[in-house]
Each structure stands twice: as structure tokens, then as C-alpha cells.
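Results of the structural survey
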Amino acid sequence: MKSIAVIGAGTMGNGIAHTFAQFDFQVHLIDIQQAYLDKGLATISRNLERMVSKQTITDADMSRTLKNITTFTDLEKGVKNVGLVVEAATENVELKLNIFRDLDKFCGPDTILASNTSSISITQIAAVTSRPEKVIGMHFMNPVPIMKLVEIIKGYSTSKETFQTVETLSKSLNKTPVEVNDYPGFVANRILMPMINEAIETLYNGVAGVNEIDTVMKLGMAHPMGPLALADFIGLDVCLSILKVMYDGFKNPKYAPCPLLVNMVMAGKLGSKSGEGFYDYSENRKAEVVSSQFSK
């Protein structure tokens, strides 16, 4: 399995492509527009340049990694003759189901189909294919080239052979795979998202401000990043989507998204990718947004 395809050239997709290519896999990076692919490749190049400057890789390593990536806007051509497809599209159920329907048609019968979904049921995704035993979750952490964890999620029908193959593959990327069963949010987000949501509730209820909440968690709990800054980094729309999946899956009010989070997403304040979330990222600044915007 030396050729793999990655669907989606966004934050997670380009990170996954970067990681596989750095370990000498031939990577087919696929997206619907060449502009998205070009942006993804530019991000990979910048991240590799940063690694060269830190002397963690050489110029030759960077050149080889980039040569290992080929871009495609045609899904059928992009997934031809690969042993593994990793889907890293937007966290939207219908979009992912449609992609997997197409993958089932276009991929060879032995190709493993993996999703980088952070919360959506692997069993549900697998059910739209004729090969549910070869469908699995491969949830990388952001930033992918740096973070060691990969949650490997087994759907109801995922075979032992598929799991073992993906587990071995993850280790070959110098990652630490962790076996997880298929329930909403898996492990990482089932624990992380309620914490982020509670931090937003704490702000919403006026207990403390943005900087104060993040400082308490950084200095008091030794978190490398405060929960509100982390939410901005992940994307507030992504946080909201994950919470909705867990709320729908468990019907437990503790997973209900805070009204402030809902309003911010509706207003287009999605975090660092939109230029504003709990912090202001305009002109490369990271200043607290006016607190009056967070009142009830």
C-alpha cells in the first residue's frame, strides 16, 4: 500500500497528505477545484519550510515530499489504483455519504475506505457501500504532521484485517493509533467538546472574560491552549457540528450547544479561518474581541 488518496485539501486534508508523502507514500490529493489544491500545496510547502528551518528535515526531504504529491480534481481518476482512501471533506453527513457512494463505485474491491470524521458514525458511512468490512475511521489530530494520535474507529462491520492494516499503517507514519468503538464523538471529541462548550457557557453567563477563562485553563490545568482559543483554532462551525452530532446521537442535554456558539456561527464568526471568533485575527493580531458581543 504505497499509493493512497486524500479527499479534501483543507486544513486536515493537506496535513494528512503532507504526512503520508513525508513517509514516501505516493499521495493523490483530491479536491473539487484546482484553487483549493493550490492553496493546500502552498500550506504544505510553508509547513515543510518551517521544518527545514528548525532542522527537523533537510531540503532534500522537503523536495522529495512535494514530489510524492499529485493533485486531482477528478475523483474517479484520483482514486484509481490506490490501496487506501482517506476522506477529509467538510464535517457534513450527506456530503460524506455521497463521497463514499462514489468511492465504492470507483475504487477497486480491495481498497480500504477511511474517513477522518471527528464525530460522524462510521457504521452509517459504511452502510452506503458494498464493502462495510473495509470502511474505517482514521481520525487524525490537528496539526497532523506534529500530533501523534490517530483514533482508529471500527464500524459495526469493520473487519479485523482492515483494522490491523490501518493500525500498522498508522505506526509506519510514526503515529500512535488508539482503537475506538463507533459512538458519537468517539473519545477525543466526546471529552473535548463538552469542555469547550462549558467554557463558552462560562463566558455566556458572564463568569469571566475570554482571556481570563483561557488563562485559568492554561495555568491552572496545564493546557497548552485555552479552550476558547482552541475552539477558534478548530473552527466554531466544526465545534457546533460535532456537538450537534453528539446531541442527536445521545439525546442528552449536556451536549446541547451553547446559544452563544450558535449565534457566532450564524454570524460567520468561525474563528481564525474567518478572521474573528473569540479572538480577533485581523492583520495577524490575536486580541480579545469586545466583550459586549458575548453578553446574553
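Criteria and cut-off values
- Residues numbered from 1 in each chain as written.
- Predicted model: local features only at pLDDT ≥ 70, side-chain atom pairs only at ≥ 80, totals over all residues.
- Heavy atoms only, no water.
- UniProt positions renumbered as here; feature names shortened; annotations may be inferred.
- Helix = DSSP H or I, 4+ residues; strand = E, 2+ residues; numbered from the N terminus.
- Rg over C-alpha atoms; globule rule 2.2 N^0.38 Å.
- Buried < 20%, exposed > 50% of the residue type's maximum accessible area, 1.4 Å probe, protein only.
- Contact = heavy atoms within 4.5 Å.
- Lys, Arg positive; Asp, Glu negative; His and termini not counted.
- Charge placed at Lys NZ, Arg CZ, Asp CG, Glu CD.
- Arc of directions from axis to C-beta.
- Domains from an automatic or database assignment.
- Buried area = accessible area lost by both parts, 1.4 Å probe.
- Salt bridge = Lys/Arg side-chain N within 4 Å of Asp/Glu carboxyl O.
- Polar contact = N/O pair within 3.5 Å; in protein donor to acceptor, adjacent residues only side chain to side chain.
- Nonpolar A, V, L, I, M, F, W, Y, C, P; charged D, E, K, R; others polar.
- Pairing = 2+ DSSP bridges.
- Phe/Tyr/Trp six-rings, centres within 6.5 Å; stacked < 30°, edge-to-face > 60°.
- Lys NZ or Arg CZ within 6 Å of the ring centre and 35° of its normal.
- Expected span 1.5 Å × (residues − 1).
- Axes fitted to C-alpha atoms, helices over the stretch in contact; angles between N-to-C directions.
- Core = buried A, V, L, I, M, F, W, Y, C linked by side-chain atoms within 4.5 Å.
- Right-handed = clockwise from strand over helix to strand, strands pointing away.

As named in an unreviewed UniProt entry, the protein is 3-hydroxybutyryl-CoA dehydrogenase, taken from Aequorivita ciconiae. Reading the Sequence similarities (unreviewed entry) entry of the UniProt record for the protein gives the comment "Belongs to the 3-hydroxyacyl-CoA dehydrogenase family."

Let us look at the overall build of the protein. Helix and strand counts for the protein stand at 12 helices and 10 strands. Taking 19 Å as the expected radius of gyration for a compact globule of 296 residues, we find that the protein reaches 19 Å, a close match to that expectation. The dimensions of the protein, computed from C-alpha atoms along their principal axes, are 55 × 45 × 35 Å. Evaluated residue by residue, the protein yields a buried proportion of 47% over its 296 residues. When contacts within the protein are restricted to residue pairs at least 6 apart in sequence, long-range pairs at least 24 apart make up 65% of them. If the 29 positive side-chain charges of the protein are averaged to one point and the 31 negative ones to another, these points end up 2 Å apart.

This next bit is on helix α12 (residues 259-266). Of the residues making up α12, those classed as buried are Leu260, Leu261, Met264 and Val265. Summarising the axial view, the buried residues of α12 lie within an arc of 130 degrees, below the 170-degree limit, and thus occupy one face. Where α12 is buried, its residues meet α8 (188-204) and α11 (236-250). Phi for glycine 268, located one or two positions after α12, is positive at around 80 degrees.

This part covers the domain arrangement of the protein. Taken domain by domain, the protein consists of domain 1 (3-181) and domain 2 (187-291). The partner domain 2 presents 7 residues to the 10 residues of domain 1 that form the contact. Carbon and sulfur atoms make up 62% of the area that domain 1 and domain 2 hide from each other, which totals about 650 Å². There are 0 salt bridges connecting domain 1 and domain 2. The interface formed by domain 1 and domain 2 contains 3 residue pairs in polar contact (both at pLDDT 80 or more). For the side of domain 1 that touches domain 2, the per-class residue count stands at 4 nonpolar, 4 polar and 2 charged.

Take glycine 209: it is sitting in the loop between α8 and α9 (210-221). Classification of glycine 209 as buried rests on a relative accessible area of 19%. When the C-alpha positions of glycine 209 and phenylalanine 278 are compared, they lie 10.0 Å apart, and in sequence the two are 69 residues distant.

This brings us to the UniProt feature "domain: 3-hydroxyacyl-CoA dehydrogenase C-terminal" (unreviewed entry) in the protein. Cross-referencing UniProt, the feature "domain: 3-hydroxyacyl-CoA dehydrogenase C-terminal" (unreviewed entry) maps to residues 185-281 in the present numbering. For residues 185-281, helix accounts for 62% and strand for 2%, while the C-alpha atoms at its two ends are 28 Å apart.

A regular strand carries its side chains on alternate faces of the sheet. In terms of burial, strand β6 (residues 135-140) is largely enclosed, as 6 of its 6 residues are buried. Where burial is concerned, the two faces of β6 agree: the one with Val135, Gly137 and His139 and the one with Ile136, Met138 and Phe140 are both buried. With 3 bridges joining them, strand β5 (residues 112-115) and β6 adopt parallel strand pairing. In the sheet register, leucine 113 faces β6, and the bridge partner there is valine 135.

Applying the stated criterion across every chain, the model contains 3 aromatic pairs. Ring geometry for phenylalanine 20 and phenylalanine 25: centres 5.2 Å apart, planes at 85 degrees, overall edge-to-face. Each of the two residues, phenylalanine 20 as well as phenylalanine 25, counts as buried. The structure contains a cluster of three or more aromatic residues connected by ring pairs, namely Phe20, Phe25 and Phe140. For the cation-ring pair, lysine 154 lies above phenylalanine 163, with the distance from its terminal atom to the ring centre recorded as 5.8 Å.

Across its 17 residues, α8 extends 24 Å between first and last C-alpha, which sits within 8% of the 24 Å expected from 1.5 Å per residue. Count one or two residues on from α8 and you reach glycine 206, which has phi positive near 75 degrees.

What follows is about the sheet that holds β6. The mixed open sheet is built from 8 strands, whose spatial order is β3-β2-β1-β4-β5-β6-β7-β8. In the strand order of this sheet, the two ends are held by β3 (69-72) and β8 (176-181), each with one partner. Taken pair by pair, the neighbouring strands of this sheet meet at an average axis angle of 25 degrees, ignoring direction. Here 4 bridges tie strand β1 (residues 3-7) to strand β4 (residues 84-87), and the two strands are oriented parallel to one another. By the bridge assignment, isoleucine 4 is partnered in β4 with leucine 84. Together, β1, β2 (26-30), β3, β4 and β6 form the strand contacts of helix α1 (residues 11-22), whose direction differs from that of β2 by roughly 165 degrees.

Attention now goes to the nonpolar core. The biggest cluster of nonpolar side chains holds 34 residues, and the ones touching the most others in it are Ile16, Phe20, Val27, Leu84, Met138 and Phe140. Residues within four places of phenylalanine 140 in sequence aside, it is in contact with Met12, Ile16, Phe20, Asn116, Leu149, Val150 and Leu173. Counting 27 residues, the second largest nonpolar core, distinct from the first, contains Met193, Ile242, Leu243 and Tyr279.

Counting buried residues in β1 gives 4 out of 5 residues, a clear majority hidden from the surface. In terms of handedness, the path from β1 via α1 over to β2 forms a crossover that is right-handed.

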